[in-house]
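Take a look at the letters that make up each chain.
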Amino acid sequence: MSSGPTRKHTALPKAQILIEALPWLTRHHGKTVVIKFGGNAMIDEDLKAAFAQDVVFLRHAGLKPVVVHGGGPQISAALDRHGIVSEFKAGLRVTTEDAMDVVRMVLAGQVQRELVGLLNQHGPLAVGLTGEDAHTLTATKHQPEIDGEPVDIGRVGEITEIDTGAIEALLADGRIPVVSSIARSQDDHHVYNVNADTAAAALAAALGAETLMVLTDVEGLYEDWPNSDEVISRLTASELEKLLPDLSSGMVPKMEGCLHAVRGGVTTARVIDGRVQHSILLEIFTDEGIGTMVVPDEQGES
Ligand SMILES: Nc1ncnc2c1ncn2[C@@H]1O[C@H](COP(=O)(O)OP(=O)(O)O)[C@@H](O)[C@H]1O
Ligand SMILES: CC(=O)N[C@@H](CCC(=O)OP(=O)(O)O)C(=O)O
């Protein structure tokens, strides 16, 4: 008996799924998408492998993905092993000279290497770099204001300049840049720890990316966190700006980054649940998306 008709029967839904993705793929062909993979979303090996598959899929579908990774929990664990206590102010790690060495070692030597390795299981695609490389990120000392007063949090950087040359060259060569959020100082005398959300957002704006996607360990931006798990599915830049003063902890740099990206010309910034397998593809192939989407004010009515 021939298995032809049965094979056709089972393959047809797969063909339909691919065709459903066609309008999205057509719209986004050749566009740059910056994907921030948060340390809290890197919770197990399967999730990391699925993340790598999604990114490689986007690349093969004709987009230009750029990965910016975090590693907050991994840094905290390493600092702990070195007997250094982790402290955060305004959502940012207080980074002493000694802590900075550990931050750099974990981000560039551990987390970035692991992601590059996972992506490269699919071919010679990923190239890792930090913001130090080719002057990609330059920063000055960042002093956040707490209760109206500037606070010294050590070697934490505020990005002042971005040189996208190295990343653009990699993209032109068909590679997937994987960027660690460390910046050089103007005088090259030291390096700064930059929050990975902030770095991803700044790079998205500088690259003229179409989309910034931030993968984290919650479903999106909760309207009334921690009292309710009602996710805000869509909001404009102005609506987000009004919410910013009420946000806490890790959501502060994340949502400030989304606002910066959208105000800087990025068409949409999305916060999505990185704990869900294939969350990137789910976000893309469902019209309404699965997390929180920030859009420019002029799209508020659509
Ligand atoms: N309004 C909010 N909605 C969702 N999460 C919030 C909110 N406010 C604070 N958070 C906290 O922010 C965390 C995400 O930020 P963070 O821990 O820095 O993650 P990542 O490592 O992915 O950057 C959440 O796990 C949650 O504890
Ligand atoms: C200044 C600052 O806070 N830097 C972060 C950099 C890593 C990061 O942002 O990691 P996640 O995205 O996993 O939170 C830190 O030291 O934890």
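The structure displayed is predicted, hence computed values, not measured ones.

(A) Fine view of the site of ligand 2. Neighbouring ligand 2 are 14 residues; Lys-36, Gly-39, Arg-93, Asn-193 and Ala-196 lie closest to it. Spatially, ligand 2 is embedded in the largest pocket. Among the elements of the structure, helix 4 (72–81) and strand 4 (92–93) are those that each provide at least two residues to the shell around ligand 2. The residue inventory of the shell around ligand 2, partitioned by class, reads 5 nonpolar, 7 polar and 2 charged.

(B) Representation of helix 4 within the structure. Regarding helix 4, the residues found buried are Gln-74, Ile-75, Ala-78 and Leu-79. Each buried residue of helix 4 sits inside an arc of 135° when the element is viewed along its axis, so together they form one side. Each element contacted by the buried residues of helix 4 is listed here: strand 4 and helix 5 (97–119). In the segment just after helix 4, Gly-83 is the residue with positive phi, at about 75°.

(C) Quick look at the UniProt feature "binding site: substrate" (unreviewed entry) in the protein chain. In the UniProt entry, the feature "binding site: substrate" (unreviewed entry) is given for Gly-71, Gly-72, Arg-93 and Asn-193. Look at the named residues: they lie 123 residues apart in sequence, but the longest C-alpha span between them is just 11.7 Å, so in the fold they bunch up. Cross-referencing the annotated residues with the largest pocket identifies Gly-71, Gly-72, Arg-93 and Asn-193 as lining it. Topologically, Arg-93 is positioned in strand 4. Under the relative-accessibility criterion, Arg-93 is labelled buried at 6%. Sequence-distant contacts of Arg-93, that is, excluding residues within four places in its chain, are made with Gly-72, Ile-75, Ser-76, Leu-79, Ser-86, Glu-87, Phe-88, Val-103, Ile-153, Val-156 and Asn-193.

(D) View of the confidence of the model for the protein chain. Model confidence for the protein chain is summarised by a mean pLDDT of 93, while 96% of its residues fall at 70 or above. Model confidence for the complex is summarised by a pTM of 0.94, with the ipTM given as 0.96.

(E) Structural view of the layout of surface pockets. Estimates place the volume of the largest pocket at around 840 Å³. Along its surface, the largest pocket is lined by 38 residues, and Asp-197, Ser-249, Gly-250, Met-251 and Lys-254 are the ones closest to its centre. When residues of the lining of the largest pocket are traced back to their parent elements, those giving at least two are helix 4, strand 4, helix 7 (196–207) and helix 9 (251–263). At 3 residues, helix 4 tops the list of elements feeding residues into the lining of the largest pocket. In terms of residue class, the lining of the largest pocket is made up of 15 nonpolar, 15 polar and 8 charged. Of the pockets and cavities examined, the second largest pocket occupies roughly 640 Å³. For the second largest pocket, the lining is made up of 29 residues, of which Trp-24, Arg-27, Ile-284, Phe-285 and Thr-286 are closest to its centre. Of all the elements in the fold, those that place two or more residues in the lining of the second largest pocket are helix 1 (4–20), helix 2 (22–28), strand 1 (32–37), helix 3 (45–60), strand 13 (211–216), strand 15 (268–273) and helix 10 (279–285).

(F) Spatial organisation of the UniProt feature "domain: Aspartate/glutamate/uridylate kinase" (unreviewed entry) in the protein chain. As recorded in UniProt, the sites labelled "domain: Aspartate/glutamate/uridylate kinase" (unreviewed entry) are residues 31–273. Segment residues 31–273 splits into 37% helix and 26% strand. End C-alpha atoms: 22 Å apart.

(G) Local environment of the pairing of strand 11 (residues 182–185). Two elements, strand 6 (residues 137–141) and strand 11, share 2 bridges in a ladder whose sense is parallel. Paired with Thr-138 across the two strands is Arg-184, which belongs to strand 11. Across 3 bridges, the pairing between strand 11 and strand 12 (residues 191–193) is antiparallel. Pairing of Ala-183 across the sheet is with Tyr-192, part of strand 12.

(H) Region of interest: the site of ligand 1. Around ligand 1 sit 18 residues, and of these Asn-40, Thr-216, Asp-217, Tyr-222 and Lys-254 come closest. Asn-40 places a side-chain nitrogen or oxygen 2.9 Å from an oxygen atom of ligand 1. In this structure, an oxygen atom belonging to ligand 1 sits 2.6 Å away from a side-chain N or O atom of Lys-254. Compared with its free state, where it exposes 580 Å², ligand 1 has 84% of that area covered by protein. Among the cavities detected, the one that contains ligand 1 is the largest pocket. Elements with a contribution of two residues or more to the shell around ligand 1: strand 13 and helix 9. Residue composition of the shell around ligand 1, by class: 6 nonpolar, 8 polar and 4 charged.

Reading the values: the criteria
Residues numbered from 1 in each chain as written. Chains lettered and ligands numbered in written order. Predicted model: local features only at pLDDT ≥ 70, side-chain atom pairs only at ≥ 80, totals over all residues. Heavy atoms only, no water. Near = heavy atom within 4 Å. 1 Å grid on protein atoms, 1.4 Å probe; cavity = no way out; pocket = protein on both sides within 12 Å on 5 of 7 lines; lining within 4 Å. Sits in = over half its atoms within 2 Å of the grid points. Helix = DSSP H or I, 4+ residues; strand = E, 2+ residues; numbered from the N terminus. Nonpolar A, V, L, I, M, F, W, Y, C, P; charged D, E, K, R; others polar. Buried < 20%, exposed > 50% of the residue type's maximum accessible area, 1.4 Å probe, protein only. Arc of directions from axis to C-beta. Contact = heavy atoms within 4.5 Å. UniProt positions renumbered as here; feature names shortened; annotations may be inferred. pLDDT = per-residue confidence, 0-100. Points joined across faces, edges and corners; volume = space filled by probe spheres on them. Pairing = 2+ DSSP bridges. Polar contact = N/O pair within 3.5 Å; in protein donor to acceptor, adjacent residues only side chain to side chain. Areas by Shrake-Rupley, 256 points an atom, 1.4 Å probe, with all protein chains shown as cover.

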